[in-house]
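Chain and residue survey
Residue strings, one per chain:
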Amino acid sequence: MKVEAVEPQRLDERMTLTGTIAARTENNLSFRTNGRIVERRVDVGDAVRKGEVLARLDPSTQQADVDSARAGVASAQAQVQQATAAFERARSLFSQGFVTRREFDQADQALKVANAGALSARAELASAEDALSFTELKADADGIVTDRKLDVGEIAQAAATVFTIAWDGPRDALFDISEGLLLRDKKPAAITVALIADPSIRTEGAIRQVAPSVDPQTATVRVKIGLDQVPAGMTLGAAVSGSASIPSPPVFVVPPAALTSLDGKPALWMFNPGTSEVSMRPVDVSTYETASVVVNGGLQAGEQVVVEGTKLLRPGQKVSLSQEAAAR
């Protein structure tokens, strides 16, 4: 019979997956009005600056609206001037008693209507100028164009995506992992991300976001790793590997020959050095491996387990160990 004292140990699992580098923030840019694209200044892969014009629509309709609104403002201002002069004249005559209160009130009312008309005309002009500005599509941040949907000559619909811009700044590494890995509820503290084309280019990161649903096509879950620093070689879309150690709680490892069964459940033969007796104890087994059995419950550090010669044992049996076994 062979006896061994068990001690807890950690069996951290090392895992490596492949993924890609992506911008932490990506925006879809679209025109705010309909129209035909007459100019496109950038394409996929181009770097852009905030406020830079990316494309333009045919502004003919919007420019005509602006011209009409400006004419309306000029007309309204002329009416205000005329109403103001009439009001001043009526006020002077009223103070001298040459016009009635009714005539003075009519002049006052006409001036108020003229001022309101001028205010409305200026608002229409501002709206028309805004609509004209909508014919230019500008970058909302510094970044890189990652997608283009339309080209010169095509009709753009309001709110339909024309460009996708990946903002400069923080980067993420995207990995699609098996749902089963998430069910373990074990998250590595740090993840090493290395460029597949040149593994010497690497950085560290941590889990920033886990998708709330499983992709029905691949049965995987998208995980975003926020990178602490982004080396120059890790460009957008670059293929990378992510390596991490998944922490394991303290477990006990015993040989497969030590395992027996008690009432249909896994058990081990335990040796009591004080009484020299053996007894069976049920245990919780987490993993069955080729050369070992991982026990995660039912044992304490320093307890002695019978690892060989268990077939002839019975509960309560007194056994004597050889000098070699006793020394062990």
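Residues numbered from 1 in each chain as written. Predicted model: local features only at pLDDT ≥ 70, side-chain atom pairs only at ≥ 80, totals over all residues. Heavy atoms only, no water.

We now examine the side chain of Thr-192. By the secondary structure assignment, Thr-192 is in strand β12 (residues 191-195). When its relative accessible area of 15% is taken as the criterion, Thr-192 is described as buried. Here Glu-204 takes part through its side chain, which lies 3.0 Å from a polar atom of the side chain of Thr-192. Not counting chain neighbours up to four residues away, the residues in contact with Thr-192 comprise Arg-202, Thr-203, Glu-204, Ser-241, Gly-242 and Ser-243. (Helix = DSSP H or I, 4+ residues; strand = E, 2+ residues; numbered from the N terminus. Buried < 20%, exposed > 50% of the residue type's maximum accessible area, 1.4 Å probe, protein only. Polar contact = N/O pair within 3.5 Å; in protein donor to acceptor, adjacent residues only side chain to side chain. Contact = heavy atoms within 4.5 Å.)

Within the secondary structure layout, Lys-265 lies in strand β18 (residues 265-272). A residue is classified by how much of its surface remains accessible, and Lys-265, at 55% relative accessible area, is exposed. Linking Lys-265 and Thr-100, residues 165 residues apart in sequence, is a C-alpha distance of 111 Å.

Applying the stated criterion across every chain, the model contains two aromatic pairs. When the ring of Phe-87 is compared with that of Phe-104, the centres are 5.5 Å apart and the planes differ by 35°; the resulting orientation is tilted. Of this pair, Phe-87 sits in helix α1 (residues 60-96) while Phe-104 sits in helix α2 (residues 101-133), and the two are 17 residues apart along the sequence. The pair Phe-87 / Phe-104 is uniform in exposure class, with both members buried. Relative to Phe-104, the ring of Phe-94 lies with its centre 5.2 Å away and its plane at 20°, an arrangement referred to as stacked. With a gap of 10 residues between them, Phe-94 in helix α1 and Phe-104 in helix α2 connect regions that are remote in the sequence. Residue classification places Phe-104 among the buried positions, given a relative accessible area of 12%. One aromatic cluster in this structure is built from Phe-87, Phe-94 and Phe-104. (Phe/Tyr/Trp six-rings, centres within 6.5 Å; stacked < 30°, edge-to-face > 60°.)

Two orientations exist for strands paired in a sheet by backbone hydrogen bonds: parallel and antiparallel. Read from one edge to the other, the open sheet built from four strands follows the order β7-β6-β4-β9, with strand pairing classed as antiparallel. Single-partner strands in this sheet number two, and they are β7 (136-138) and β9 (155-156). By the bridge criterion, three bridges tie strand β6 (residues 53-57) to β7 in an arrangement that is antiparallel. Following the sheet pairing, Arg-56 is matched in β7 by Glu-136. (Pairing = 2+ DSSP bridges.)

The next subject is the sheet that holds β12. Strand order in this closed barrel of six strands is β2-β11-β14-β13-β12-β15, and the pairing throughout is antiparallel. The mean inter-strand angle of the sheet, taken between neighbouring strand axes irrespective of direction, is 40°. (Axes fitted to C-alpha atoms, helices over the stretch in contact; angles between N-to-C directions.)

These values are about where atoms sit, not about what they do.
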